[in-house]
Amino acid sequence: MNTPPDRRKEAKRPVTIPPFEDQPPQLDRVSAYDERHLASYIRLLDAEAEGADWREAVAIIFGVDPVKEPDRAKLVHDSHLARAHWMRDKGYRHLLEPRLH
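Residues numbered from 1 in each chain as written. Predicted model: local features only at pLDDT ≥ 70, side-chain atom pairs only at ≥ 80, totals over all residues. Heavy atoms only, no water.

### Brief notes about the overall build of the chain
For step 1, the next point in the chain: Looking only at helices and strands, one finds 5 helices and 0 strands in the chain.
For step 2, the next point in the chain: In the chain, the order of α-helices and β-strands from amino to carboxyl end is α-α-α-α-α.
For step 3, the next point in the chain: Burial statistics for the chain: of 101 residues in total, 30% are counted as buried.
For step 4, the next point in the chain: The long-range share in the chain, meaning contacts at least 24 apart out of those at least 6 apart in sequence, stands at 59%.
For step 5, the next point in the chain: Summed over its atoms, the accessible surface of the chain is roughly 7400 Å², and 54% of this surface lies on carbon and sulfur atoms. (Helix = DSSP H or I, 4+ residues; strand = E, 2+ residues; numbered from the N terminus. Buried < 20%, exposed > 50% of the residue type's maximum accessible area, 1.4 Å probe, protein only. Contact = heavy atoms within 4.5 Å. Areas by Shrake-Rupley, 256 points an atom, 1.4 Å probe, with all protein chains shown as cover.)

Next up, the structure:
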């Protein structure tokens, strides 16, 4: 079965990584940074649940080469995974609250 041409273009689009800091903000509320990185947090949690190697996860999710930048790669992975745990366990509640404009 052939894929329609417009669907083939979608499949070839590279995954874009939102700009990120080496460490996410450590606030007791959800930040704009957290909202931009929800997909990254979910991907980190999925990788952890699947037992994926952290080096593979940081390379795929953030585009950081753990061979060339081992200290930075570990910091990016661990700090974002910790924030992902916070979002999963506590931060999600803030997403349900009304927005202040």
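### Regarding the packing of helix α4 (residues 54-62) against helix α5 (residues 70-95)
For step 1, the next point in the chain: At a closest axis distance of 10 Å, the pairing of α4 and α5 adopts a crossing angle of 85 degrees. In this view, α4 runs roughly perpendicular relative to α5, as classed from their interaxial angle. Where α4 abuts α5, its residues W54, A57, V58 and F62 lie against P70, A73, K74, V76, H77 and H80.
For step 2, the next point in the chain: Considering only residue class, the contact of α4 with α5 consists of 7 nonpolar, 2 polar and 1 charged. (Axes fitted to C-alpha atoms, helices over the stretch in contact; angles between N-to-C directions. Parallel < 35°, antiparallel > 145°, perpendicular 65-115°, else oblique. Nonpolar A, V, L, I, M, F, W, Y, C, P; charged D, E, K, R; others polar.)

### Focus on the confidence of the model for the chain
For any part of a model where pLDDT is low, the fine detail of the predicted coordinates should not be relied upon.
For step 1, the next point in the chain: Confidence in the prediction of the chain, expressed as mean pLDDT, is 85, and 81% of residues score 70 or more.
For step 2, the next point in the chain: Confidence over residues 7-12 falls short of pLDDT 50; this stretch has 1 contact with residues more than four positions distant or in other chains. (pLDDT = per-residue confidence, 0-100.)

### Focus on α4
For step 1, the next point in the chain: The set of residues buried in α4 consists of W54, A57, V58, I61 and F62. All buried residues of α4 fall inside an arc of 95 degrees around its axis, so they share one side.
For step 2, the next point in the chain: Looking at where α4 begins, the residue whose side-chain oxygen comes 2.7 Å from the main-chain nitrogen of R55 is D53. (Arc of directions from axis to C-beta. Polar contact = N/O pair within 3.5 Å; in protein donor to acceptor, adjacent residues only side chain to side chain.)

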